[in-house]
Amino acid sequence: MSLPRTIEWLGDLNGHVRLIDQTLLPGRLAFVDCSTVEQIWEAIKVLRVRGAPAIGIAGAMGLVLAIRQLSPLEAEAGFFAELERQRDYLASCRPTAVNLRWALDRLVRAAREHRGLGVLPLQLLLWEEARKIRDEDAAACRAIGEHGAHLIPDGGGVLTHCNAGSLATAELGTALALMYVAHERGRRFQVFADETRPLLQGARLTAWELQQAGIAVTVICDNMAATVMKRGQVQCVVTGADRIAANGDTANKIGTYGVALLARAHRIPFYVAAPVSTFDLNCPSGEQIPIEERAADEVRQIGDRIITPAEATVYNPAFDVTPAEFITAFISERGVFPASEIRQRFH
Ligand code: MRU
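Details of the overall build of the protein chain
Summing up its helical and strand segments, the protein chain has 11 helices and 16 strands in all. For the protein chain, whose C-alpha radius of gyration is 20 Å, the value lies close to the compact-globule estimate of 20 Å for 347 residues. Judged by the C-alpha coordinates and their principal axes, the protein chain covers about 65 × 50 × 40 Å. Out of the 347 residues belonging to the protein chain, those deemed buried represent 56%. Here the analysis covers contacts within the protein chain between residues at least 6 apart in sequence; of these, 76% occur between residues at least 24 apart. Working note: accessible area of the protein chain is about 14,200 Å², and carbon and sulfur atoms make up 50% of it. Side chains of the protein chain carry 36 positive and 40 negative charges; the gap between the two charge centres is 4 Å.

Spelled out as structure tokens, the structure:
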């Protein structure tokens, strides 16, 4: 599978971040170059870059863009004050995916552990750390795929919601990693991609990247999932996650909870694939996960076309929480395990 990198740092510390502009897909594959933290903030906010692991990487690289502005002659106290201010600014962008805050905190912690080094060495250290986060995510996705590929039914169907693929991560994806590795191993299967209203990540992005890889994909409207399950066309469901609480309750794209309920009603296993950076053990249950609400126009419109009466009142939560009891197992780079084993896996 050789899709272009979703996000990468080009050049040295004075270089820039290049990302695929996902708002233009599938019509056009184009890149945006970001040289300032404000450009990264905007790219995350409007979903040019999206998906929990990818926004973690973008946040980390954005923080490097912010602090590389500081003069090497700046006092360290000023450096740390600015680092924390920019960390909070970036974290404010999207609240649900824990990967963003996780990556930003990792950079701040790395800097604190090297207090006294001086501003330029700290800038270089954080630049290294941000690129390491990207590389580690690529490795985690590969491991998730290897651990979970056997769950993809040979000769059967798998349903996924939103996009938890290469576009949502450094490479390969989480839910889609299982499918990419199963495909590499010669399994033949059919993917059903929920379109995923309001922003159509399934129809626009999952269908696009699976097609690029030569994997059979059928797009369905969100309200068709029950029918394909009832007809026996789906043997398992795999989704990604934005935050997994300690008890296994899982926030993911709005609509995931409904799919999990349908899977339970049809006795179909429901799997969640996510890297360790998506597990939030400080969050006891789904009750504490902050759910992002997005602009009303995302529901009032499809693309530029208005589909409701002007000013219709709408509700637009970007994520929902699937209770742990509906999740058959999690697949992370640490293996395949049920919700009851989360605490021991992360000890
Ligand atoms: O709003 P988005 O497109 O960022 O939402 C993405 C999802 O919900 C994904 O399923 C999740 O981030 C996992 S990506 C590996």
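The structure having been displayed, the exposition proceeds.
Digging into empty space enclosed by the protein
Per the stated rule, a full pass over the model turns up 2 cavities of 30 Å³ or more. Looking at the largest cavity, its volume works out to about 190 Å³. Lining the largest cavity are 23 residues, and of these R50, G51, A52, N163 and D242 lie nearest its centre. For the lining of the largest cavity, the secondary-structure elements that each account for two or more residues are α2 (52-67) and β9 (250-253). Counting contributing residues, the lining of the largest cavity receives three or more from each of domain 1 (7-142) and domain 2 (148-345). Roughly 50 Å³ of internal volume is contained in the second largest cavity. For the second largest cavity, the full set of lining residues is P198, L199, Q201, K253, I254, R294, E298, N316 and A318. Here the residues of the lining of the second largest cavity are counted per class, giving 4 nonpolar, 2 polar and 3 charged.

Some details on unusual backbone geometry
With an omega dihedral of 5 degrees, the bond running from L25 to P26 counts as a cis peptide bond. Counting through the fold element by element, P26 comes out in the loop between β2 (16-20) and β3 (31-34). The amide bond that connects R197 to the next residue, P198, takes the cis arrangement and shows omega of 10 degrees. Tracing the backbone through its elements, the reader meets P198 in the loop between β5 (190-194) and α7 (201-212). We note that L47 has phi near 70 degrees; this positive angle belongs to a residue other than glycine. Here L47 shows up in the loop between α1 (37-45) and α2.

Describing the pattern of salt bridges
One pass over the full model with this rule turns up 26 salt bridges. R5 is paired through a salt bridge with E171; the nearest N and O atoms lie 3.8 Å apart. Of the two residues, R5 is situated in the segment before β1 (7-10) and E171 in the loop between β4 (157-160) and α6 (175-184); the sequence distance between them amounts to 166 residues. The residue D135 makes a salt bridge to R134 at a minimum N-O spacing of 3.2 Å. You can call R134 buried: its relative accessible area is 4%. A cluster of three or more residues bridged by salt bridges with shared partners is formed by R5, E8, R134, D135 and E171.

Looking at the domain arrangement of the protein chain
Domain boundaries assigned for the protein chain yield domain 1 (7-142) and domain 2 (148-345). The distance between the C-alpha centroids of domain 1 and domain 2 comes to 26 Å. Each partner contributes to the interface: domain 1 provides 28 residues, whereas domain 2 provides 34 residues. Interface area, domain 1 with domain 2, both sides summed: about 2,600 Å², of which 55% is carbon and sulfur. When residues of domain 1 are sorted by the area they lose upon contact with domain 2, R50, T96 and R142 head the list and together hold 24% of the total. Summed over the shared surface of domain 1 and domain 2, the number is 3 salt bridges. Measuring nitrogen to oxygen at the nearest pair gives 2.9 Å for the salt bridge that ties E292 to R94. Across the domain 1-domain 2 interface, the total number found is 18 residue pairs in polar contact (both at pLDDT 80 or more). Broken down by secondary-structure element, the contributors of at least two residues to the side of domain 1 that touches domain 2 are α2, α4 (98-113) and α5 (119-148). Partitioned by chemical class, the residues of the side of domain 1 that touches domain 2 number 17 nonpolar, 5 polar and 6 charged.

Here is what the cut-offs are and how they apply
- Residues numbered from 1 in each chain as written.
- Predicted model: local features only at pLDDT ≥ 70, side-chain atom pairs only at ≥ 80, totals over all residues.
- Heavy atoms only, no water.
- Helix = DSSP H or I, 4+ residues; strand = E, 2+ residues; numbered from the N terminus.
- Rg over C-alpha atoms; globule rule 2.2 N^0.38 Å.
- Buried < 20%, exposed > 50% of the residue type's maximum accessible area, 1.4 Å probe, protein only.
- Contact = heavy atoms within 4.5 Å.
- Areas by Shrake-Rupley, 256 points an atom, 1.4 Å probe, with all protein chains shown as cover.
- Lys, Arg positive; Asp, Glu negative; His and termini not counted.
- Charge placed at Lys NZ, Arg CZ, Asp CG, Glu CD.
- 1 Å grid on protein atoms, 1.4 Å probe; cavity = no way out; pocket = protein on both sides within 12 Å on 5 of 7 lines; lining within 4 Å.
- Points joined across faces, edges and corners; volume = space filled by probe spheres on them.
- Domains from an automatic or database assignment.
- Nonpolar A, V, L, I, M, F, W, Y, C, P; charged D, E, K, R; others polar.
- Salt bridge = Lys/Arg side-chain N within 4 Å of Asp/Glu carboxyl O.
- Buried area = accessible area lost by both parts, 1.4 Å probe.
- Polar contact = N/O pair within 3.5 Å; in protein donor to acceptor, adjacent residues only side chain to side chain.

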